[in-house]
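Residue-level structural notes
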Amino acid sequence: MNTLGHLEQLLLNGEITEEEYKERKEIYVETILELYVKGFIEKGELYEKLNQ
């Protein structure tokens, strides 16, 4: 299961609040961008992970 889909499922199941969902998603996106900027992942991988 992809990361963002997992977060959405947690939200839909009531396991996290909407605020927690937004916070976790923001941290995920920032982390993926940092990995790209530092050269650990390529541009294609960045888009793939963000669009899952």
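Scope of this entry: the structure provided in the associated data block. Going along each chain's sequence as written, the residues are numbered from 1 onward. Whole-chain, interface and lining totals are the exception, using all residues; otherwise, since this is a predicted model, local features are given only for residues with pLDDT of at least 70 and side-chain atom pairs are given and counted only at 80 or more. By convention in this description, side-chain values take in all heavy atoms of the structure and omit both hydrogens and water.

Considerations on the nonpolar core
The nonpolar core is taken to be a set of buried Ala, Val, Leu, Ile, Met, Phe, Trp, Tyr and Cys residues, with the residues joined through side-chain atoms within 4.5 Å. Relative accessibility decides the category of a residue: with a 1.4 Å probe and only protein chains considered, values under 20% of the type maximum give buried, values over 50% give exposed, and everything between is partly exposed. Of all hydrophobic cores here, the largest spans 9 residues; its members are Leu-4, Leu-7, Leu-10, Ile-16, Tyr-21, Tyr-28, Ile-32, Ile-41 and Leu-46. Contacts are residue-level and defined by heavy atoms, with any inter-residue pair within 4.5 Å sufficient. Contacts of Leu-10, omitting those with residues within four sequence positions, involve Glu-15, Ile-16 and Arg-24.

Looking at the packing of helix H2 (residues 18–37) against helix H3 (residues 43–50)
Their axes nearest at 9 Å, the elements H2 and H3 cross at an angle of 170°. As judged from the angle between their axes, H2 and H3 are roughly antiparallel. Here Tyr-28, Val-29, Ile-32, Leu-33 and Tyr-36 of H2 lie close against H3, whose contacting residues are Lys-43, Leu-46, Lys-49 and Leu-50. Classifying every residue of the contact of H2 with H3 by side-chain character gives 7 nonpolar, no polar and 2 charged. Helix axes are fitted to C-alpha atoms over the stretch in contact, other axes to C-alpha atoms as well, and angles between N-to-C directions run from 0 to 180 degrees. Helix and strand definitions follow DSSP, with helices as H or I runs of at least four residues and strands as E runs of at least two, each counted in order from the N terminus. An angle counts as roughly parallel when it lies under 35 degrees, as roughly antiparallel when it exceeds 145, as roughly perpendicular when it falls between 65 and 115, and as oblique in every other case. Nonpolar residues are Ala, Val, Leu, Ile, Met, Phe, Trp, Tyr, Cys and Pro. Charged residues are Asp, Glu, Lys and Arg, and all others, Gly as well, are polar.

Here we look at a negative patch on the surface
Side chains of Glu-19, Glu-20, Glu-23, Glu-26 and Glu-30 sit close together on the surface and give a patch of like negative charge. Inspection of the secondary structure assignment puts Glu-26 in helix H2. Excluding any residue in a salt bridge, patches collect residues exceeding 30% relative accessible area, merging like charges within 9 Å and nonpolar Val, Leu, Ile, Met, Phe, Trp and Tyr side chains within 5 Å. Here, Shrake-Rupley sampling with a 1.4 Å probe gives the accessible areas, and only protein chains in the shown set may cover a residue. What counts as a salt bridge is simple: a side-chain nitrogen of Lys or Arg found within 4 Å of a carboxyl oxygen of Asp or Glu. For this count, His and the chain ends are skipped, Lys and Arg are scored as positive, and Asp and Glu as negative. Every charge is mapped to an atom, namely NZ of Lys, CZ of Arg, CG of Asp or CD of Glu.

Comments concerning the packing of helix H1 (residues 3–12) against H2
At a minimum axis separation of 10 Å, H1 and H2 run at an interaxial angle of 170°. Relative to H2, the element H1 lies roughly antiparallel. Along the contact surface, H1 presents Thr-3, Leu-4, Leu-7, Glu-8, Leu-10 and Leu-11, while H2 presents Glu-18, Tyr-21, Arg-24, Lys-25 and Tyr-28. Tallied by class, residues from the contact of H1 with H2 come to 6 nonpolar, 1 polar and 4 charged.

Describing H2
The first and last C-alpha atoms of H2 sit 29 Å apart over 20 residues, in line with the 28 Å expected at 1.5 Å per residue. Among all positions in H2, only Tyr-21, Tyr-28 and Ile-32 are buried. For H2, the buried positions fall inside an angular range of 35° around the axis, keeping them on one side. Residues Glu-19 and Val-37 are exposed on H2 and point more than 90 degrees away from its buried face. Where H2 is buried, its residues touch H1 and H3. Following H2 by one or two positions, Gly-39 has its phi on the positive side, about 85°. A helix is expected to reach a length of 1.5 Å times the quantity of its residues less one. By arc we mean the arc of the directions from the helix axis to the C-beta atoms, nothing more.

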